[in-house]
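# Report on the structure
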Amino acid sequence: QKEVEQNSGPLSVPEGAIASLNCTYSDRGSQSFFWYRQYSGKSPELIMFIYSNGDKEDGRFTAQLNKASQYVSLLIRDSQPSDSATYLCAVILSTNAGKSTFGDGTTLTVKP
Amino acid sequence: GAGVSQSPSNKVTEKGKDVELRCDPISGHTALYWYRQSLGQGLEFLIYFQGNSAPDKSGLPSDRFSAERTGGSVSTLTIQRTQQEDSAVYLCACQRGDAQETQYFGPGTRLLVL
């Protein structure tokens, strides 16, 4: 079992819809969770981080964390074609001395 | 500079040659990571530095790969006797060192081994 798992996709949604991206992790003691966006040919960039159970909202983006179920999700409301990218989930595992572990990413396409 | 820089941005080399890739992290960021990313693939972890030491080098694919970091700053990733399968984008990222901090990525070095 991978330490951080994401659905590889691709995920396709129409413009204006809600895109839902999911990530599960194996280490129950993990404390820090991040979502990165990577456009084709570019480096990953941080979208959101979340540390506490519940929801965290930033504009059209909402991160949801459920530590009991060991999953973290990213919702993108009113999806735009410019949101088309690969979304990477990263977790700082309690066993790894602060090192981040990335999932393989989910590719999202938003169709006009 | 304000961000992470990597050099060279592109490198074309012949099979069997050695290459050295450089990463200049953000000043004061104690954690540094090297990743490899092949076209259309996810990030492949190579090595993690905390200061000058490497508590996790489990991702280095073979003994042809090595990395060092000096002065808690600049890091170099060396690939000896390059093979065609080494062709990829090599990304460096740094982190302020606190376990709750995000990683900041450099622009990457695109390596092509002919």
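Residues numbered from 1 in each chain as written. Chains lettered and ligands numbered in written order. Predicted model: local features only at pLDDT ≥ 70, side-chain atom pairs only at ≥ 80, totals over all residues. Heavy atoms only, no water.

## Thoughts on the state of the cysteines
- On inspection of all chains with the given rule, the structure shows two disulfides over all chains.
- Paired through a disulfide, Cys23(A) and Cys89(A) show a sulfur-sulfur distance of 2.1 Å. Because the sign of the S-S torsion sets the handedness, a value of about -70 degrees for the bond joining Cys23(A) and Cys89(A) places this disulfide among the left-handed ones. With Cys23(A) in strand E3 (residues 19–25) and Cys89(A) in strand E9 (residues 85–92), this pair connects stretches of sequence that are 66 residues apart. Of the two residues examined, Cys23(A) and Cys89(A), each falls in the buried class.
- Between Cys23(B) and Cys92(B) runs a disulfide, and the two sulfur atoms are separated by 1.8 Å. The disulfide joining Cys23(B) to Cys92(B) has a torsion of about -60 degrees about its S-S bond and is therefore left-handed. With a gap of 69 residues between them, Cys23(B) in strand E3 (residues 19–24) and Cys92(B) in strand E9 (residues 88–95) connect regions that are remote in the sequence. (Disulfide = S-S within 2.5 Å. Helix = DSSP H or I, 4+ residues; strand = E, 2+ residues; numbered from the N terminus. Buried < 20%, exposed > 50% of the residue type's maximum accessible area, 1.4 Å probe, protein only.)

## Examining the pattern of salt bridges
- Enumeration over the complete set of coordinates arrives at seven salt bridges over all chains.
- Among the salt bridges present, the one from Lys2(A) reaches Asp104(A), with a minimum N-O distance of 2.3 Å. In this pair, Lys2(A) is assigned in the segment before strand E1 (4–6) and Asp104(A) in the loop between strand E10 (100–102) and strand E11 (106–111), connecting sequence segments 102 residues apart.
- Exposure remark for Lys2(A): the relative accessible area of 46% places this residue in the partly exposed category.
- For Glu44(B), the salt bridge identified is with Arg36(B), shortest N-O distance 2.9 Å. (Salt bridge = Lys/Arg side-chain N within 4 Å of Asp/Glu carboxyl O.)

## Some remarks on the side chain of Asp56(B)
- Structurally, Asp56(B) can be placed in strand E6 (residues 53–56).
- In this structure the side chain of Asp56(B) is engaged in a polar contact, spanning 2.6 Å, whose partner is the side chain of Ser58(B).
- Once you skip the residues sitting within four places of it in the chain, Asp56(B) turns out to touch Lys99(A), Phe45(B), Ile47(B) and Tyr48(B). (Polar contact = N/O pair within 3.5 Å; in protein donor to acceptor, adjacent residues only side chain to side chain. Contact = heavy atoms within 4.5 Å.)

## Digging into the nonpolar core
- Trp35(A), Val72(A), Leu74(A), Ile76(A) and Tyr87(A) are the most contacted members of the largest nonpolar core, which totals 24 residues.
- Listing elements by their share of this core, those giving two or more residues are E3, strand E4 (32–38), strand E5 (45–50), strand E7 (61–66), strand E8 (71–76), E9 and E11 of chain A.
- Of all hydrophobic cores here, the second largest spans 20 residues; its members include Leu32(B), Leu46(B), Ile47(B) and Leu77(B). (Core = buried A, V, L, I, M, F, W, Y, C linked by side-chain atoms within 4.5 Å.)

## Things to note about the interface of chain A and chain B
- With 18 residues of chain A at the contact, the number on the chain B side is 20 residues.
- Across the chain A to chain B interface the summed buried area is about 1,500 Å²; carbon plus sulfur atoms make up 49%.
- When the area that chain A buries against chain B is broken down by residue, the three leading residues are Ser43(A), Lys99(A) and Phe102(A), summing to 31%.
- Counting across the chain A and chain B interface gives zero salt bridges.
- There are seven residue pairs in polar contact (both at pLDDT 80 or more) connecting chain A and chain B.
- Where the side of chain A that touches chain B is concerned, the elements lending two or more residues are E4, E9 and E10 of chain A.
- Ranked by residues supplied to the side of chain A that touches chain B, first place goes to E4(A) with four residues.
- Among the residues forming the side of chain A that touches chain B, the class breakdown is nine nonpolar, seven polar and two charged. (Buried area = accessible area lost by both parts, 1.4 Å probe. Nonpolar A, V, L, I, M, F, W, Y, C, P; charged D, E, K, R; others polar.)

## Considering the packing of aromatic side chains
- Within this structure, the stated rule accounts for 12 aromatic pairs over all chains.
- A ring pair is formed by Phe102(A) and Tyr35(B), whose centres lie 5.5 Å apart and whose planes are at 85 degrees; its orientation type is edge-to-face. Of this pair, Phe102(A) sits in strand E10 while Tyr35(B) sits in strand E4 (residues 31–37), which puts the two residues in different chains.
- A ring pair is formed by Tyr33(B) and Tyr35(B), whose centres lie 5.9 Å apart and whose planes are at 10 degrees; its orientation type is stacked.
- On the accessibility criterion, Tyr33(B) (0% relative accessible area) is buried.
- Note on Tyr35(B): relative accessible area 1%, which makes it buried.
- Through successive ring pairs, a cluster of aromatic residues spans Phe34(A), Tyr36(A), Phe49(A), Tyr51(A), Phe102(A), Tyr33(B), Tyr35(B), Phe45(B), Tyr48(B) and Phe105(B).
- Between Lys56(A) and the ring centre of Phe49(A), over which it is positioned, the NZ or CZ distance is 3.5 Å. (Phe/Tyr/Trp six-rings, centres within 6.5 Å; stacked < 30°, edge-to-face > 60°. Lys NZ or Arg CZ within 6 Å of the ring centre and 35° of its normal.)

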